[in-house]
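Topology and contacts: notes
So the chains spell out like this:
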Amino acid sequence: QVQLVESGGGSVQAGGSLRLSCAASRTLFSINDMAWYRQAPGKQRELVARTTIIGSTNYADSVKGRFTISRDNAKNAVYLQMNSLKPEDTAVYYCHAEIKKYRYSSWTDYWGQGTQVTVSS
């Protein structure tokens, strides 16, 4: 089974940093775009950052200049470096990937289990 496993969440004070990691199992054929989303209680899930297979990136306006998404295709992994964290960044963060497990399989959406990020004033 293909799984996305997240790590790196925690609690920090405003202005601090965290680095989130998400890695897929190695038993897959191909992995496409990878992204980080977040969701706070009572709010819609929102896209935080996305990276394509060639490494181009896209960020939500609220995190531009503070967060950096990167990927390691050899490890089927995606990372989110979060600097200058604000209380408004508090949420559960989920990684996402579009994966083809076998050559003739359909592309399938996979989600990580979620990791809590809490930023205090």
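Below: a short report on this structure. Just so we're clear, the structure is a prediction, and the values are computed from it rather than from any experiment.

Focus: the pairing of strand β11 (residues 115-120)
Only one face of β11 is buried, namely the one carrying Thr115, Val117 and Val119, since none of Gln116, Thr118 and Ser120 on the opposite face is buried. Relative to β11, strand β9 (residues 91-100) is paired through three bridges, and the arrangement is antiparallel. The partner of valine 92 across the bridge, within β11, is glutamine 116.

Notes on the state of the cysteines
One pass over the structure, following the stated rule, counts one disulfide. Between the sulfur of cysteine 22 and that of cysteine 95 lies a disulfide, 1.9 Å long from S to S. Taking the sign of the torsion about the S-S bond as the criterion, the disulfide between cysteine 22 and cysteine 95, at about 45 degrees, is right-handed. In this pair, cysteine 22 is assigned in strand β3 (residues 18-24) and cysteine 95 in strand β9, connecting sequence segments 73 residues apart. Taken individually, cysteine 22 and cysteine 95 each receive the classification buried, so the pair is uniform in this respect.

Considerations on the packing of aromatic side chains
On inspection of all chains with the given rule, the structure shows one aromatic pair. Sitting over the face of the ring of tyrosine 79, arginine 19 holds its NZ or CZ atom 4.2 Å from the ring centroid.

As for the pattern of salt bridges
Taken as a whole and judged by the stated rule, the model has four salt bridges. Residues arginine 38 and aspartate 89 are paired through a salt bridge, measuring 3.0 Å at the closest nitrogen-oxygen approach. On the criterion of sequence distance, the pair formed by arginine 38 in strand β4 (residues 30-39) and aspartate 89 in the loop between β8 (77-82) and β9 is long-range, its members being 51 residues apart. Sharing partners across several salt bridges, the network here consists of Arg38, Glu46, Arg66 and Asp89.

Definitions and cut-offs
- Residues numbered from 1 in each chain as written.
- Predicted model: local features only at pLDDT ≥ 70, side-chain atom pairs only at ≥ 80, totals over all residues.
- Heavy atoms only, no water.
- Buried < 20%, exposed > 50% of the residue type's maximum accessible area, 1.4 Å probe, protein only.
- Helix = DSSP H or I, 4+ residues; strand = E, 2+ residues; numbered from the N terminus.
- Pairing = 2+ DSSP bridges.
- Disulfide = S-S within 2.5 Å.
- Phe/Tyr/Trp six-rings, centres within 6.5 Å; stacked < 30°, edge-to-face > 60°.
- Lys NZ or Arg CZ within 6 Å of the ring centre and 35° of its normal.
- Salt bridge = Lys/Arg side-chain N within 4 Å of Asp/Glu carboxyl O.

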